[in-house]
Structure formats: C-alpha cells, structure tokens
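# Per-entry structural report
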Amino acid sequence: MLSYRHAYHAGNHADVLKHLVLVSTLHYATRKASPLFYLDTHGGAALYFLQSEQALKTGEAANGIRKIDFAALGAGLDEETRNGLDLYAAALKPFLDKKTYPGSPLLAAHMLRRNDHLHLCELHTVEYQLLRHHTDGDPRIACEHIDGYQRALALLPPVQKRAVVLIDPSYETNDEFRRTVRLVVDINQRMRSAQILLWYPVVGRGDVDRMIAALQRSEVRDLWQFELGVAPDQIGHGLTASGMLAVNPPYTLPGQLRALLPRIQEQLAPAYGHWVVKNLFAE
Ligand SMILES: C[S@@+](CC[C@H](N)C(=O)[O-])C[C@H]1O[C@@H](n2cnc3c(N)ncnc32)[C@H](O)[C@@H]1O
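What this report covers is the structure whose coordinates are included nearby. (Residues numbered from 1 in each chain as written. Predicted model: local features only at pLDDT ≥ 70, side-chain atom pairs only at ≥ 80, totals over all residues.)

Here the focus is the overall build of the protein chain. The number of helices and strands found in the protein chain is 10 helices and 10 strands. The C-alpha atoms of the protein chain give a radius of gyration of 17 Å, which matches the 19 Å a tight globule of 283 residues would have. Classification of the 283 residues of the protein chain by burial places 47% in the buried group. Counting contacts in the protein chain only where the partners sit at least 6 residues apart, residues at least 24 apart contribute 78% of the total. (Helix = DSSP H or I, 4+ residues; strand = E, 2+ residues; numbered from the N terminus. Rg over C-alpha atoms; globule rule 2.2 N^0.38 Å. Buried ≥ 20, exposed ≤ 12 C-beta atoms within 10 Å, placed from the backbone. Contact = placed C-beta atoms within 7 Å.)

Structure, rendered in structure tokens:
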C-alpha cells in the first residue's frame, strides 16, 4: 500500500539537486538533433501547489527552492555552468510565479522537443490521475498506471535509440535500495548508452554506502555521485541529504555541479551542509 505523496516535499533541497541535474542532462541530450526517449519510472503528480495544506505543513519548499537566490548563485560562473543554471531558473519561473512547483514530468516536457517522447510511470492511483490531468493534451507524453520497476526494461532500448531514464522512487519499502540497484544494472546491460539518473535519500548512511558498493561491483561504468546535504548524517532526523547517481552523465555536468553545489549549500545550509561530486568508477 503506497502512502507517499510528493506534495509534502515538492521544491525541497532534494528536488533542487534532482531537478538541476535533470535539466542539465536533458539540455545536453537535446543538443543532438536526433529524437530522444525520456523515461520517468516514478513520475509523481507532475504539478504541486506551494500554498497547499501539505506544502505549508512541512515548509520544505520554503527551506528549499524558495530560499535560492538565483542572481547570487549565477554571479561570476563560467558560461557553461551559467547556461545550465539559467535554464533551470527559466524552467521554474512560470511555476514559482504562480506559487506552484513542477515535478520532473513537467520539467522534462519543458526541456524536450517536438519529436522527443516521454514515457511516465506512476503506481499510486491518485498521483497517477493527477499526472494524467497535468500532462493531458501533450502528444509527446504517454502515462501508465504501472509499477515502474517492472515496466522499464520492456521500454528499452527505444526506437529513438537514445534514452534518458530518471528513477526517483519514494523508498517506502525495505527492498527499494536493492530494487533500484538491480534496475540500474539491468538497464545498463540492456542499453549501454542510456543515461540513467537514480535519486537516493540519506536517512541512514548505511543504505547509501551499500547501494554504491553494489553498483561499483557491477558492470556499470561511468558512474558519478552528486549529493547535497543540509544537516550532518543522523538517523531519526529525516532527510538530512540526498543524491543522484548518474550513469553516463554529460561530461560537462561534474564541472557544473562542482561550481554550483557549494553555492547552493551555502544558501540552503551554511552551517551544517555538505556537497559531493565524485567519480565512483575511479574509486
Ligand atoms: C519521489 S516521487 C516522484 C517525484 C517525481 N519524479 C518528481 O521529481 O517530480 C515518487 C513517486 O513514485 C510513486 N511510486 C512508488 N512506487 C512506485 C512503483 N513501484 N512504480 C511507479 N511509481 C511508484 C509514488 O506514488 C510517488 O508518486
């Protein structure tokens, strides 16, 4: 029985990191003219209302995206990094102006082109209905009320021959760290060129360390870790940090994040934050 609702968390520090990485990856992937296939295995509701009871109850957006000063963040950056940041800010602006926050499906729809295709999976019935509603009318998008772990492999490799896959589960069940590793390994085996972005929460560091070790033992190559923390690791204190594991990320992304993450950390958590940009294959 799924109970997670992203409306409580939309626009928090984890979304800032995740969506910055997603926008930069899609920007890079759309530099090539040939069409792209985008798969979101855990799509969520696609649109969130920052004045909703859920959002106000946790205040997570207020301590996340609402705290970001984009002008200060962008000052003095190199052109490539600045472009990535500008794209992220431009994608968010129309939503933030209306006190809403776009989930990954709407951000991806914004970044992708007419001949690209988006496939969005969501298992929670209400979230799926919202996802359908908020993406309705876009001919590039297919939504499925389905288990994203089970569905993903059958969709790959796509006819487009190029794919970006976002795996962004709610980690509600004990086996999800294992399931995500399995899925990344299987996707990578089926389609070596797929760019895979896997989000992970840091609630206890052990799960993350085991997940990374398992991926390092696998055949996955070109594996990177990007992490943003707002508090020291402490079990029982909720989401103290989160990260993205990226397979085949754009070669420009680590440099961009090395420039941006210290600044974002400084704005969101100057006292206790941390950031990581690490090549896990080189370890
Ligand atoms: C963190 S939210 C997704 C947020 C979204 N990717 C974004 O960035 O806006 C995780 C979603 O996965 C859904 N979910 C949980 N287990 C699932 C499964 N096995 N297959 C597909 N969706 C699932 C949850 O209902 C929830 O809406």
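Having seen the structure, we can now continue with the description.
The next subject is the sheet that holds strand β10 (residues 274–279). One open sheet accounts for eight strands, arranged β5-β4-β1-β6-β7-β9-β8-β10; its pairing is mixed. At either end of the open sheet lies a strand with only one pairing partner, and these are β5 (141–145) and β10. Neighbour-to-neighbour, the strand axes of this sheet turn through a mean angle of 10°, independent of strand direction. As paired strands, strand β4 (residues 117–122) and β5 are joined by five bridges and run parallel to one another. (Pairing = 2+ DSSP bridges. Axes fitted to C-alpha atoms, helices over the stretch in contact; angles between N-to-C directions.)

Another aspect to go through is the environment of E227. Looking at the secondary structure, you find E227 in strand β8 (residues 223–229). Setting aside residues no more than four positions away along its own chain, E227 makes contact with A241, G243, W275 and V276.

Before going further, it helps to spend a moment on the site of the ligand. The immediate surroundings of the ligand are formed by 21 residues, with H42, G44, G103, S104 and H124 found nearest. Within the residue set of the shell around the ligand, elements represented by two or more residues are β4 and α7 (148–151). (Near = placed C-beta within 6 Å.)

With the exception of glycine, most residues fall at negative phi, and the peptide bonds are largely trans. P157 follows L156 through a cis peptide bond whose omega is -5°. Within the fold, P157 resides in the loop between α7 and β6 (163–167). Despite not being glycine, K161 has its phi angle at roughly 70°, a positive value. Its location among the elements puts K161 in the loop between α7 and β6. Here N248, not a glycine, exhibits a phi torsion of approximately 55°, which is positive.

In this structure, V165 and V184 are the most contacted members of the largest nonpolar core, which totals 84 residues. Take this core: its biggest share by element is eight residues, from helix α1 (residues 13–29). In this structure V184 touches I167, I196, L198, L215, V220 and V247, once residues within four positions along its chain are discounted. (Core = buried A, V, L, I, M, F, W, Y, C linked by C-beta atoms within 7 Å.)

Let us now look at the pairing of β6. Counting buried residues along β6, five of its five residues qualify, which places the element largely inside the surrounding structure. Burial along β6 is two-sided: A163, V165 and I167 and V164 and L166, pointing in opposite directions, are all buried. Taken together, the four bridges between β6 and strand β7 (residues 195–202) define a ladder with parallel strand orientation. Residue pairing in the sheet places I167 in a bridge with L198 of β7. Between the parallel elements β6 and β7, the chain passes through helix α8 (residues 176–190) in a crossover that is right-handed. (Right-handed = clockwise from strand over helix to strand, strands pointing away.)

Before going further, it helps to examine helix α4 (residues 79–97). Taking 1.5 Å of rise per residue, 19 residues should cover 27 Å, and α4 covers 26 Å from first to last C-alpha, within 8% of that figure. A91 marks the point of greatest bend in α4, at about 30°, and the proline P94 comes within the next four residues. Along its buried surface, α4 packs onto α1, α3 (70–74), β3 (100–102), α5 (104–111) and α10 (253–268). (Expected span 1.5 Å × (residues − 1). Bend = angle between axes of the 7 residues up to and from the residue.)

Here we come to the packing of α1 against α4. Two packed helices can be described by the angle between their axes and the distance between those axes. Between α1 and α4, the shortest axis-to-axis distance is 9 Å and the interhelical angle comes to 110°. One way to sum up the angle between α1 and α4 is to call them roughly perpendicular. Considering the relative orientation of α1 and α4, their crossing is right-handed. On the side of α1, the interface is formed by H19, L20, V23, S24 and H27, while α4 contributes G84, L87, Y88 and A91. Its residues assigned to classes, the contact of α1 with α4 shows five nonpolar, four polar and no charged. (Parallel < 35°, antiparallel > 145°, perpendicular 65-115°, else oblique. Left-handed = near helix turned anticlockwise from the far one by under 90°. Nonpolar A, V, L, I, M, F, W, Y, C, P; charged D, E, K, R; others polar.)

Attention shifts here to the environment of F49. Checked against the element boundaries, F49 lands in strand β2 (residues 47–49). Measuring from C-alpha to C-alpha, the distance between F49 and P262 comes to 28 Å, with 213 residues separating the pair along the chain. Not counting residues within four places of it along the chain, the set of residues in contact with F49 comprises A55, K99 and T100.

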